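Fold and contact review
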Amino acid sequence: ISPAIACPANQNEYLDANCEVILPDYTTLATTSDNCATTITVTQSPVAGTILTSTQTITLTADDGNGNTTDCTFDVIIADTTAPAITCPATQNEVFDAACAFTLPDYTGLAVATDNCAAAVTLTQSPAVGTVITADQLITLTADDGNGNTTTCTFDVIVTDTTAPVI
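Residues numbered from 1 in each chain as written. Predicted model: local features only at pLDDT ≥ 70, side-chain atom pairs only at ≥ 80, totals over all residues. Heavy atoms only, no water.

Along the polypeptide, Asn 116 turns up in the loop between strand S12 (112-114) and strand S13 (122-126). Judged by relative accessible area, Asn 116 falls into the buried class, the value being 15%. Of note is the side chain of Asn 116, whose polar atom sits 2.9 Å from the backbone oxygen of Asp 16. Leave out the neighbours within four places in its chain, and Asn 116 touches Leu 15, Asp 16, Ala 17, Asn 18, Cys 19, Asp 80 and Thr 82. (Helix = DSSP H or I, 4+ residues; strand = E, 2+ residues; numbered from the N terminus. Buried < 20%, exposed > 50% of the residue type's maximum accessible area, 1.4 Å probe, protein only. Polar contact = N/O pair within 3.5 Å; in protein donor to acceptor, adjacent residues only side chain to side chain. Contact = heavy atoms within 4.5 Å.)

See below:
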């Protein structure tokens, strides 16, 4: 008669700075029983120490030492909770046009953004590209890693009037 085994519920794990999870040993979370008073050995596949980068099904096997085994499975659900890093450009000095206004360009190309995972980081700007300003303006850049993690940074746009008056 095979032993009985009950797996734990699905487990949540979080990606580290290298965008990996080192699989822990879940064998102690299983509940086992056997009809005979034998020692039950529980093994795990994939084994503890395996590096994961995405959700993985884990199989636990109970062995009663008499050639009888039973398996159960559960999922290890992987999540990225590390926000991307962003470095904003320095203060930008700009010049008013003849109408004493300045149209904001796209400053996202001046920022440097990285993420623990190889996912492309999306940068957005506020106020948006094309906004006309008539005074100095604080710009906020937001880095989004596509996994619900964001980081912001800010810098100033200082606008100067260099047009001489007409007399």
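The strand order S10-S16-S15-S13 describes an open sheet built from 4 strands, whose pairing is mixed. The open sheet has two free edges, formed respectively by strand S10 (92-95) and S13, since each of these has just one partner strand. Within this sheet the neighbouring strands show an average axis-to-axis angle of 30°, counted without direction. Strand direction decides the pairing type here: S13 and strand S15 (residues 137-144), joined by 5 bridges, are antiparallel. Counted as the bridge partner of Thr 122 is Asp 144 from S15. (Pairing = 2+ DSSP bridges. Axes fitted to C-alpha atoms, helices over the stretch in contact; angles between N-to-C directions.)

Our focus in this paragraph is the packing of aromatic side chains. Tallied over the entire structure, the rule returns 2 aromatic pairs. A ring pair is formed by Tyr 26 and Phe 74, whose centres lie 5.3 Å apart and whose planes are at 90°; its orientation type is edge-to-face. Of the two residues, Tyr 26 is situated in the loop between strand S3 (21-22) and strand S4 (31-33) and Phe 74 in strand S8 (residues 69-79); the sequence distance between them amounts to 48 residues. An identical accessibility class is assigned to Tyr 26 and Phe 74; each is buried. A centroid spacing of 5.3 Å and a plane angle of 85° characterise the contact between Tyr 107 and Phe 155, whose relative ring orientation is edge-to-face. Of this pair, Tyr 107 sits in the loop between strand S11 (102-103) and S12 while Phe 155 sits in strand S16 (residues 150-160), and the two are 48 residues apart along the sequence. Tyr 107 gets classed as buried once you look at its relative accessible area, which sits at 2%. (Phe/Tyr/Trp six-rings, centres within 6.5 Å; stacked < 30°, edge-to-face > 60°.)

Before going further, it helps to examine the state of the cysteines. For the coordinates displayed, the defined rule picks out 3 disulfides. Between the sulfur atoms of Cys 19 and its disulfide partner Cys 117 the distance amounts to 1.9 Å. The sign of the 95° torsion about the S-S bond sets the Cys 19-Cys 117 disulfide as right-handed. Here Cys 19, found in the loop between strand S2 (11-14) and S3, pairs with Cys 117, found in the loop between S12 and S13; they are 98 residues apart in sequence, far enough to count as distant. What makes Cys 117 buried here is its relative accessible area of 10%. Linked covalently through their sulfurs, Cys 88 and Cys 153 form a disulfide whose S-S length is 1.9 Å. Sign of the S-S torsion, about 80° for the bond between Cys 88 and Cys 153, identifies this disulfide as right-handed. Here the residue Cys 88 occupies a position in the loop between strand S9 (85-87) and S10, and Cys 153 occupies one in strand S16, the gap between them amounting to 65 residues. A single burial state applies to Cys 88 and to Cys 153, both of which are buried. Here the cysteine-cysteine linkages of the protein chain are recorded as 1-3, 2-5, 4-6, numbering only bonded cysteines and doing so in sequence order. (Disulfide = S-S within 2.5 Å.)

That is the geometry; function is a separate question.
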